[in-house]
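Residue-level structure breakdown
Listed below, chain by chain, are the residues.
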Amino acid sequence: MKNNESRRGRRGGWQVADLPDATDASEWFHGRLPEAWFSAVDVTVDREEILVVGTLAGTDDVNGAEAEGRIGRFRSETKAERIEIALEAQARYERKVSWGVRLGDTEALFTHVAAPVMTRLRQPERRVLDTLVDAGVARSRSDALAWSVRLVGQHADEWLGQLRDAMGEVDKLRGEGPSL
C-alpha cells in the first residue's frame, strides 16, 4: 500500500500518506484482548495514537478509592501482556498504543501521547490565549490552546460526531467511484 494508487482519495494530506490504514483497529483489539479483562472496549485512532479504554469486568457500582485500587491492581497485573499487545499493534498500525481503564465512575489513563501541534495565529487569536494565561486559567499559550480545544470538544461533541460520520461517507463514496 505504499504506492500512490492505493492512497488516492484518502484524507489527511502528507501527514498520513505513509501510515497504514487503521480502520480495523477496533476489531483487531477486540479479537486480541483477553476476554476476561473487559466487559466493553473503546478504541480511538488518530494519526499518532491508538487509545484503548476498557471497562473492567465485574462490579460497576465500585467507585472512589476501591475503584482506584482495582484499577491499580489491573494495571500492574496486566503490564507485561499489555506491552506485548501494544508492540504487536504498533508494528501493525505504526502508531503508539495508549491504555486506559474505566470502573464505575472512575476512569484512569495509564499512558497517552501528548503530540505537539504547530499553528499560526493572528493577533486576535493570540490575545485570547494571552487572556487565559494572564487570568491564570492556563500556564502558557500551549496550555491555553489545549484548554480551548477541550472546551470546544465538550460543547461541540454532537456536531463533531456528525462531521466525522459525514467524512466517513465521503471516503466511502470516493472508494466506490471510478478510478482514473
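Read on for a plain summary of the structure. (Residues numbered from 1 in each chain as written. Predicted model: local features only at pLDDT ≥ 70, side-chain atom pairs only at ≥ 80, totals over all residues. Heavy atoms only, no water.)

1. Digging into the overall build of the protein chain
Tallying secondary structure elements over the protein chain gives six helices and four strands in all. Overall, the protein chain shows an N-to-C arrangement of helices and strands of α-α-β-β-α-β-β-α-α-α. Looking at the 180 residues of the protein chain, the share that counts as buried comes to 26%. Considering only residue pairs separated by 6 or more positions, the protein chain has 56% of its internal contacts joining residues 24 or more positions apart. Summing over all exposed atoms, the protein chain offers an accessible surface of approximately 12700 Å²; the carbon and sulfur share of this is 52%. (Helix = DSSP H or I, 4+ residues; strand = E, 2+ residues; numbered from the N terminus. Buried < 20%, exposed > 50% of the residue type's maximum accessible area, 1.4 Å probe, protein only. Contact = heavy atoms within 4.5 Å. Areas by Shrake-Rupley, 256 points an atom, 1.4 Å probe, with all protein chains shown as cover.)

2. Some remarks on the sheet that holds strand S4 (residues 106-109)
Within the open sheet, the four strands sit side by side as S1-S2-S3-S4. Their pairing is mixed. Here the strands that pair on one side only, and so sit at the sheet edges, are strand S1 (38-45) and S4. Ignoring which end each strand starts from, the neighbouring axes of this sheet average 20° apart. Strand direction decides the pairing type here: strand S2 (residues 49-56) and strand S3 (residues 96-103), joined by seven bridges, are parallel. Bridging across to S3, Thr-55 finds its partner in Arg-102. The sheet strands contacting helix H2 (residues 25-32) are S1, S2 and S3, and the helix crosses S1 at an angle near 150°. Relative to S3, helix H3 (residues 64-93) is tilted by about 155°, and along the sheet it contacts S1, S2, S3 and S4. (Pairing = 2+ DSSP bridges. Axes fitted to C-alpha atoms, helices over the stretch in contact; angles between N-to-C directions.)

3. Side note on the pattern of salt bridges
Pairing between side chains of opposite charge can happen when the charged atoms of each approach one another. Using the criterion set out here, one finds nine salt bridges in the structure. Notably, a salt bridge pairs Arg-32 with Glu-84, separated by 3.3 Å at the nearest N-O pair. Of the two residues, Arg-32 is situated in helix H2 and Glu-84 in helix H3; the sequence distance between them amounts to 52 residues. Here Arg-32 falls in the partly exposed class, since its relative accessible area comes to 22%. Owing to a relative accessible area of 42%, Glu-84 belongs among the partly exposed residues under this scheme. (Salt bridge = Lys/Arg side-chain N within 4 Å of Asp/Glu carboxyl O.)

4. A closer look at unusual backbone geometry
Phi is positive for Glu-94, which is not a glycine, with a value near 55°. Along the chain, Glu-94 turns up in the loop between H3 and S3.

5. Re the packing of H2 against H3
One way to put it is that H2 packs onto H3 with a least axis distance of 12 Å and a crossing angle of 150°. What the angle tells us is that H2 and H3 run roughly antiparallel. H3 is crossed by H2, and the crossing has right-handed handedness. From H2, Ala-25, Trp-28, Phe-29 and Arg-32 reach across to H3, where they touch Glu-84, Ile-85, Glu-88, Ala-89, Arg-92 and Tyr-93. Among the residues making up the contact of H2 with H3, the classes are represented as six nonpolar, no polar and four charged. (Parallel < 35°, antiparallel > 145°, perpendicular 65-115°, else oblique. Left-handed = near helix turned anticlockwise from the far one by under 90°. Nonpolar A, V, L, I, M, F, W, Y, C, P; charged D, E, K, R; others polar.)

6. Observations regarding a nonpolar patch on the surface
Together, Val-137, Trp-147 and Leu-151 line one region of the surface with nonpolar side chains, adding up to about 230 Å² of accessible area. For Val-137, a relative accessible area of 43% corresponds to the partly exposed category. (Patch = residues over 30% accessible without salt bridge, like charges linked within 9 Å, V, L, I, M, F, W, Y side chains within 5 Å.)

7. A look at the nonpolar core
Within the largest apolar cluster, 25 residues are counted, with the highest numbers of intra-cluster contacts made by Phe-29, Leu-33, Phe-38, Ile-50, Val-52, Val-97 and Trp-99. Sorting the residues of this core by element identifies H2, S1, S2, H3 and S3 as the ones contributing at least two each. In this view, Val-52 contacts Phe-29, Leu-33, Val-41, Asp-42, Val-43, Val-97, Ser-98, Trp-99 and Gly-100; residues no more than four positions away in its chain are not counted. (Core = buried A, V, L, I, M, F, W, Y, C linked by side-chain atoms within 4.5 Å.)

Functional significance is not addressed by these values, which are geometric in nature.
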